[in-house]
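Listed below, chain by chain, are the residues.
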Amino acid sequence: SNDEICIDKDDAERIFTNYLSLSQSRIETYVKCHFKYYCDYLLGLKSSKKYQFGSDLIGTLTHAVFENFLGRVKKGELGLDALSDEEIEEMVNEILKEYIKLICGGARESKKLSHLFDRLRKNLYIFVKELVLELKQSSFTPEYFELPMGRKNDDVPPLLFKIGENAKMSLHGICDRVDIFR
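Residues numbered from 1 in each chain as written. Predicted model: local features only at pLDDT ≥ 70, side-chain atom pairs only at ≥ 80, totals over all residues. Heavy atoms only, no water.

**A short note on the sheet that holds strand S3 (residues 159–162)**
Here's step 1: The three strands lie next to each other as S1-S4-S3, forming an open sheet whose pairing is mixed. Of all the strands in the sheet, just strand S1 (19–22) and S3 have a single pairing partner and so form its edges. On average, adjacent strands in this sheet sit at an angle of 20 degrees to one another, irrespective of strand direction.
Here's step 2: Sheet topology note: the S1/strand S4 (residues 168–171) ladder contains four bridges and is parallel. Residue pairing for S4: Leu 22 is matched across the bridge by Leu 171. (Pairing = 2+ DSSP bridges. Helix = DSSP H or I, 4+ residues; strand = E, 2+ residues; numbered from the N terminus. Axes fitted to C-alpha atoms, helices over the stretch in contact; angles between N-to-C directions.)

So, in structure tokens, the structure goes:
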């Protein structure tokens, strides 16, 4: 927004090209911090992180529970209409136990991690219960999970947008879930 500091149009076209390829993650990064977007996606710089069980892994865990639960619904293993709250809770516990075993292997959980998983278990039960209620009231059914779109061999092409006289943008990425109404 500073008019005194600008890049020459020819230099900008040479550096940035006239084709912009974006994903949801890239858009979110850009909205949160233009400079981080520039460093990560244009310069290709990556920061080193200390490994910890933070919000990104909690999000991955939540997605895994939803996907596993809805995958069982899609396969017909579960009938949403007949599913009781106790059965939902049991299913969430089972899926979470499998996931914890997968990520922790044979290692014993620390008290801190055990407490975190207990809190997550309670929240996931509430989320899945609400999701079941939503699906019961809807004519949509979960059809695809982690559906890739817009890359070379994907079944779903990217969304294409014209963003200037000679410039285009494509939107690609992975759709967490696609629900279908027939």
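**A few points about the pattern of salt bridges**
When their charged atoms lie close together, side chains carrying opposite charge are able to pair.
Here's step 1: Applying the stated criterion across every chain yields a total of seven salt bridges.
Here's step 2: For Arg 121, the salt bridge identified is with Asp 118, shortest N-O distance 2.7 Å. With Arg 121 and Asp 118 both in helix H6 (residues 111–136), this residue pair falls three residues apart, about one helical turn.
Here's step 3: According to the relative accessible area criterion, Asp 118 is partly exposed, its value standing at 36%.
Here's step 4: Each member of the salt-bridge network shares a partner with another, and the members are Arg 72, Glu 94 and Glu 98. (Salt bridge = Lys/Arg side-chain N within 4 Å of Asp/Glu carboxyl O. Buried < 20%, exposed > 50% of the residue type's maximum accessible area, 1.4 Å probe, protein only.)

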